[in-house]
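Descriptive analysis of the structure
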Amino acid sequence: MKWTKFYLPDAYSPTMEQLVYFHDHTMSIITSITILICILLNSLLWNKLIDLNMNEHQMIETWWTILPTIVLFLIAIPSLKILYSMEELINPTISIKSMGHQWYWSYEYSDKFCKELESYMKYNKKNDFRLLEVDNKMKAPFLTQIRMIFSSSDVLHSWTIPCLGIKMDAVPGRINQSSLMIKKPGIFMGQCSEICGTNHSFMPIMLESIKLNKFIKWIS
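Because the structure is a prediction, the values reported are computed rather than measured.

Topic: the overall build of the protein
Helix and strand counts for the protein stand at three helices and ten strands. Written out in order from the N terminus, the α and β elements of the protein read α-α-β-β-β-β-β-β-β-β-β-β-α. Taken against the 2.2 N^0.38 rule, which gives 17 Å for 220 residues, the C-alpha radius of gyration of the protein at 24 Å runs more than 25% over that of a compact globule. Buried residues in the protein amount to 30% of all 220 residues. Contacts spanning at least 24 positions in sequence make up 63% of the contacts within the protein whose residues lie at least 6 apart. Within the protein, one finds 21 positive and 19 negative side-chain charges whose respective centroids are separated by 12 Å.

Have a look at this one:
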């Protein structure tokens, strides 16, 4: 994803794929409405405004009440479907706890093997991603149902990776959870998207997706 692109990043999770489809679906409706309004405005500009039949037309008033309701249902139903699917947890294989600190993230794997690591932003080098490179990447297996648990030790943070379609607030004294399914191996990056203080933009997130057997070797 570069600054010259005006589209959503490529989807690497089923949730993000559904969000991209919903974005295209909604934009097609909005574009159709915009074109229709432009046509109506153009007709009004060239209308002589002397048509007495347009002063009272109950059928038009009925339709301009019904049609927006139908459009809202066409937008709301897919939106609610995605919202509920994002909250569902279906037999997670692995649970990963992410804690937000000032100004770094810590990760805890405690299902079978207890493993903890802290993830700090690295000093920029020639081949590093600026403000996105970390010293300890969070590792997770792809094609595996993962439960992500979020909390914070100080202030509000937000764990966000756009291409995976996940964004969850880390609230001190409270535990939030979300499901995650990665479809391909690779390195995925994000940042804290909550204004949590002066250095909130320097809390990068770097997730490395690997095979399940390599993940088991790494965690053990």
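Points about the sheet that holds strand S8 (residues 176–180)
Strand order in the open sheet formed by five strands is S3-S2-S1-S5-S8, with mixed pairing between adjacent strands. Each end of this open sheet is capped by a strand with a single partner; those strands are strand S3 (115–119) and S8. Here the average twist between neighbouring strands, direction ignored, is 20°.

Comments concerning the nonpolar core
In terms of nonpolar packing, the biggest core is built from 30 residues, with Met138, Met148, Trp159, Ile161, Leu164 and Leu207 touching the most fellow members. Elements represented by at least two residues in this core include exactly strand S1 (94–101), strand S2 (104–109), strand S4 (138–141), strand S5 (146–152), strand S6 (157–161), strand S7 (166–170), strand S10 (204–210) and helix H3 (212–219). Beyond its immediate chain neighbours, meaning those up to four positions away, Met138 contacts Ile96, Tyr107, Tyr109, Met148, Trp159, Met206, Leu207 and Glu208.

Remarks on the sheet that holds S10
An order of S4-S10-S9 is seen for the three strands of this open sheet, with the pairing classed as mixed. A single partner strand is all that each edge strand has here, and the edge strands are S4 and strand S9 (186–191). Ignoring strand direction, the axes of neighbouring strands in this sheet form an average angle of 25°. The sheet contact formed by S4 and S10 spans four bridges and is parallel. Its bridge partner being in S10, Ala140 is matched across the sheet by Ser209.

Focus on the UniProt feature "domain: Cytochrome oxidase subunit II copper A binding" (unreviewed entry) in the protein
UniProt records the feature "domain: Cytochrome oxidase subunit II copper A binding" (unreviewed entry) at residues 91–220, using the numbering of this structure. For residues 91–220, the end-to-end C-alpha separation is 22 Å, with 6% helix and 45% strand making up the annotated structure.

Regarding the pairing of S6
Regular strands have side chains that alternate between both faces of the sheet. Taking burial as the measure, the five residues of S6 include five buried ones, the bulk of the element. Covered by surrounding structure in S6 are His157, Trp159 and Ile161 together with Ser158 and Thr160, the residues of both alternating faces. In the sheet, S6 pairs with S7 via five bridges, with the strands oriented antiparallel. Counted as the bridge partner of Ser158 is Asp169 from S7. In this antiparallel pair of consecutive strands, S6 and S7, the connection spans four residues, and Gly165 shows a positive phi of 65°.

Topic: the domain arrangement of the protein
As far as domains go, the protein holds domain 1 (14–47 + 57–87) and domain 2 (94–219). Summarising the inter-unit geometry, the C-alpha centres of domain 1 and domain 2 are found 36 Å apart. Every contact between the two is made by seven residues of domain 1 and, on the other side, eight residues of domain 2. Taken over both partners, the interface formed by domain 1 and domain 2 buries close to 540 Å², and the fraction arising from carbon and sulfur atoms is 47%. Our count for the contact surface shared by domain 1 and domain 2 stands at one salt bridge. Measuring nitrogen to oxygen at the nearest pair gives 2.9 Å for the salt bridge that ties Glu17 to Lys183. On the surface where domain 1 and domain 2 come into contact, there are one residue pair in polar contact (both at pLDDT 80 or more). If one sorts the elements of the side of domain 1 that touches domain 2 by residue count, helix H1 (residues 14–45) sits on top with five residues.

Thresholds, definitions, all that
- Residues numbered from 1 in each chain as written.
- Predicted model: local features only at pLDDT ≥ 70, side-chain atom pairs only at ≥ 80, totals over all residues.
- Heavy atoms only, no water.
- Helix = DSSP H or I, 4+ residues; strand = E, 2+ residues; numbered from the N terminus.
- Rg over C-alpha atoms; globule rule 2.2 N^0.38 Å.
- Buried < 20%, exposed > 50% of the residue type's maximum accessible area, 1.4 Å probe, protein only.
- Contact = heavy atoms within 4.5 Å.
- Lys, Arg positive; Asp, Glu negative; His and termini not counted.
- Charge placed at Lys NZ, Arg CZ, Asp CG, Glu CD.
- Pairing = 2+ DSSP bridges.
- Axes fitted to C-alpha atoms, helices over the stretch in contact; angles between N-to-C directions.
- Core = buried A, V, L, I, M, F, W, Y, C linked by side-chain atoms within 4.5 Å.
- UniProt positions renumbered as here; feature names shortened; annotations may be inferred.
- Domains from an automatic or database assignment.
- Buried area = accessible area lost by both parts, 1.4 Å probe.
- Salt bridge = Lys/Arg side-chain N within 4 Å of Asp/Glu carboxyl O.
- Polar contact = N/O pair within 3.5 Å; in protein donor to acceptor, adjacent residues only side chain to side chain.

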